[in-house]
Amino acid sequence: MSEKADAMECVKARELFPAFDEQKFPPEVLGHLEGCEECKAELSEFRALSAGLGSLATADIQPPSWLLGAITERVAETARRRAVVEGARRQMGRVTTGASRQLGEHRVATGSALGLAMLAGALLFGRTRKHGVKAAA
Amino acid sequence: MDVPDSVIKACQEGDQAAFEELIRLSHASVYSLSLRIVGNPEDAAEVTQDVFIKLLRVIKQFRGEAKFSTWLYRVTSNVAITLLRRRSRRNVEVRMEQEDWSLMPAADSSDPAVAAEQHSLKARLDSAIASLPEDYRTVVVMKDVYGMAFEEIAGQLGIQEGTARVRLFRARQKLRIMLHDELAAE
Ligand SMILES: [Zn+2]
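Notes on the structure in this doc start here.

Cut-offs and rules
Residues numbered from 1 in each chain as written. Chains lettered and ligands numbered in written order. Predicted model: local features only at pLDDT ≥ 70, side-chain atom pairs only at ≥ 80, totals over all residues. Heavy atoms only, no water. Donors = N, O, S within 2.8 Å, 3.2 Å for Na, K, Ca; no water. Tetrahedral: all angles 85-135°; square planar, octahedral: opposite > 155°, others 65-115°. Helix = DSSP H or I, 4+ residues; strand = E, 2+ residues; numbered from the N terminus. Buried < 20%, exposed > 50% of the residue type's maximum accessible area, 1.4 Å probe, protein only. Axes fitted to C-alpha atoms, helices over the stretch in contact; angles between N-to-C directions. Parallel < 35°, antiparallel > 145°, perpendicular 65-115°, else oblique. Contact = heavy atoms within 4.5 Å. Nonpolar A, V, L, I, M, F, W, Y, C, P; charged D, E, K, R; others polar. Polar contact = N/O pair within 3.5 Å; in protein donor to acceptor, adjacent residues only side chain to side chain.

**Looking at the coordination of the zinc ion**
Residues and elements named next belong to chain A.
Point 1. Within the protein, the atoms that donate to the zinc ion are Cys10 (SG), His32 (NE2), Cys36 (SG) and Cys39 (SG), at distances of 2.0 to 2.3 Å.
Point 2. Metal-centred angles of 105 to 114 degrees between the four donor atoms at the zinc ion mark the site as tetrahedral.
Point 3. Summarised as a motif, the one-chain spacing of the donors to the zinc ion is C-x21-H-x3-C-x2-C. Taken together, the positions of cysteine 10 in helix H1 (residues 3-16) and cysteine 36 in the loop between helix H2 (27-35) and helix H3 (37-56) put the pair 26 residues apart, joining distant regions of the chain. The same class applies to cysteine 10 and to cysteine 36, which are both buried.

This is the structure in structure tokens:
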């Protein structure tokens, strides 16, 4: 076979290597690989690359030493804030239902919605202040 | 990353001590994926913290259909890609600063173990990945390192699957050329 034909076959074969899929190599490429040391060597580099990349998933990179503490602190702070907000929501839910019942009994009609909102607001404010967390939380 | 099912379940029930255990067991893996995607330690640390804040909210959504690590990696890559988008919108160039990598020991180290690590293929691979353009890096990390599906990768990056395949192909070619000496010696 002429050198030029060899070069063409090498180009054709090497185009397939980065796909990492030797199952799909056509017979002529497999045939070429048997006789071409350069292509064989390049293919084995891609094989080593594939294996090396796959092995990185379990090779952790050491995080900076301060990171664990920083995450734990931020998570705890977020959890605390969330608990306060959720607690306030629950409290407000109870107040609203309780007040509705009462108002219903006393047959108060107009202006009740505003009164209810103010009552709920006052209780919510009191509760969040007690926990020492800003209302924005 | 090896997080027992009992810890995950306790986290889902709101157990704070279990959540701290989860952080302890998985933060290095989350940081590693974050660093491999964003390419610099400062942003990787930010992504890692954000992942666990997000996890507080979404851990209940983990139903055990996939492995927990697979699910957590998906959450992590999502947060990391969001940060990359935010960065590129602000037009800040994100560069890899190899000297900051904790993985990279000092060049003049006299400790043979450290020296071996420095020259190990894994360490060289990580530094070669970090030097890839962002478009190539994200795809090769998600696909070849973490084994994510093209559909998942394309979806997270907001690109066509065909585009993801082309980027992956080019990334592998570049890595092969960069690591020629190490790979030939394998
Ligand atoms: Zn050849």
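**What to know about the packing of helix H7 (residues 134-145) of chain B against helix H9 (residues 161-178) of chain B**
Residue and element names in this part refer to chain B.
Point 1. Put simply, H7 and H9 touch, their axes get as near as 8 Å, and they point 95 degrees apart. Here H7 is positioned roughly perpendicular relative to H9, judged by the angle of their axes. Along the contact surface, H7 presents Asp135, Tyr136, Val139, Val140, Lys143 and Asp144, while H9 presents Ala164, Arg167, Leu168, Arg170, Ala171, Arg172, Lys174 and Leu175.
Point 2. A per-class count over the contact of H7 with H9 returns seven nonpolar, no polar and seven charged.

**Re the side chain of Glu45(A)**
Point 1. On the secondary structure map, Glu45(A) appears in helix H3.
Point 2. In terms of polar contacts, Glu45(A) uses its side chain to reach the side chain of Arg176(B), at 3.0 Å.
Point 3. Sequence-distant contacts of Glu45(A), that is, excluding residues within four places in its chain, are made with Arg176(B), His180(B), Leu183(B) and Ala184(B).

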